[in-house]
Amino acid sequence: MSDFAEPLGYRLITGPDDAEFCKRVSLLLDQGYQLHGSPALTFDGERVIAAQALVLPHSIGSARPSAEGVDVARGPGGEGAW
């Protein structure tokens, strides 16, 4: 699936730290996403792998629907297990 198939409130883009990775992040910024936090970098033994979170501004602070049987604020069964 493409990074750009449908607008989501949150995206985590990962891949080799190269021009293609920067292009993917830049295209999402052009679509209205904003960087969320700092990028993360790791080395897989051959190359540097980057990760960058992006969010759509309208989704920041919006309510998330609860999964069936799970209160996202308290955990499974509402016991505060998180």
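Up top is the structure.
Remember, predicted model here, so these are calculated numbers, not experimental data.

(A) Region of interest: a nonpolar patch on the surface. Taken together, the side chains of L41, F43 and V48 define a hydrophobic patch exposed on the protein surface, amounting to about 310 Å² of accessible area. Residue V48 is classed as partly exposed on the basis of its relative accessible area of 36%.

(B) Representation of the pattern of salt bridges. For the coordinates displayed, the defined rule picks out one salt bridge. Notably, a salt bridge pairs D44 with R47, separated by 3.5 Å at the nearest N-O pair. Overall, R47 belongs to the partly exposed group, its relative accessible area being 43%.

(C) A look at the sheet that holds strand 3 (residues 48-55). Across the sheet, which stays open at both edges, the three strands sit in the order 1-3-2 with antiparallel pairing between neighbours. The outermost strands of the open sheet, each flanked by one partner alone, are strand 1 (10-16) and strand 2 (34-43). Pairwise comparison of adjacent strand axes, ignoring direction, gives a mean angle of 15° for this sheet. Both strand 2 and strand 3 contribute to a ladder of seven bridges, which runs antiparallel. Looking at strand 3, one finds that H36 is bridged to A53.

(D) Layout of helix 1 (residues 19-30). Counted at 1.5 Å a residue, the expected span for helix 1 with its 12 residues is 16 Å, and the 16 Å between its end C-alpha atoms agrees. Along helix 1, the positions that sit buried rather than exposed are F21, R24, V25 and L28. When helix 1 is viewed along its axis, its buried side chains cluster within an angular range of 90° and face the same direction. Facing away from the buried side of helix 1 by over 90 degrees, the exposed positions are A19 and D30. Packed against the buried residues of helix 1 are strand 1, strand 2 and strand 3. Between a side-chain oxygen at the N-terminus of helix 1 and the backbone nitrogen of E20 the separation is 3.2 Å; the capping residue is D18. Directly after helix 1, the chain includes G32, whose backbone phi takes a positive value near 105°.

Conventions used here
- Residues numbered from 1 in each chain as written.
- Predicted model: local features only at pLDDT ≥ 70, side-chain atom pairs only at ≥ 80, totals over all residues.
- Heavy atoms only, no water.
- Patch = residues over 30% accessible without salt bridge, like charges linked within 9 Å, V, L, I, M, F, W, Y side chains within 5 Å.
- Areas by Shrake-Rupley, 256 points an atom, 1.4 Å probe, with all protein chains shown as cover.
- Salt bridge = Lys/Arg side-chain N within 4 Å of Asp/Glu carboxyl O.
- Buried < 20%, exposed > 50% of the residue type's maximum accessible area, 1.4 Å probe, protein only.
- Pairing = 2+ DSSP bridges.
- Helix = DSSP H or I, 4+ residues; strand = E, 2+ residues; numbered from the N terminus.
- Axes fitted to C-alpha atoms, helices over the stretch in contact; angles between N-to-C directions.
- Expected span 1.5 Å × (residues − 1).
- Arc of directions from axis to C-beta.
- Contact = heavy atoms within 4.5 Å.
- Polar contact = N/O pair within 3.5 Å; in protein donor to acceptor, adjacent residues only side chain to side chain.

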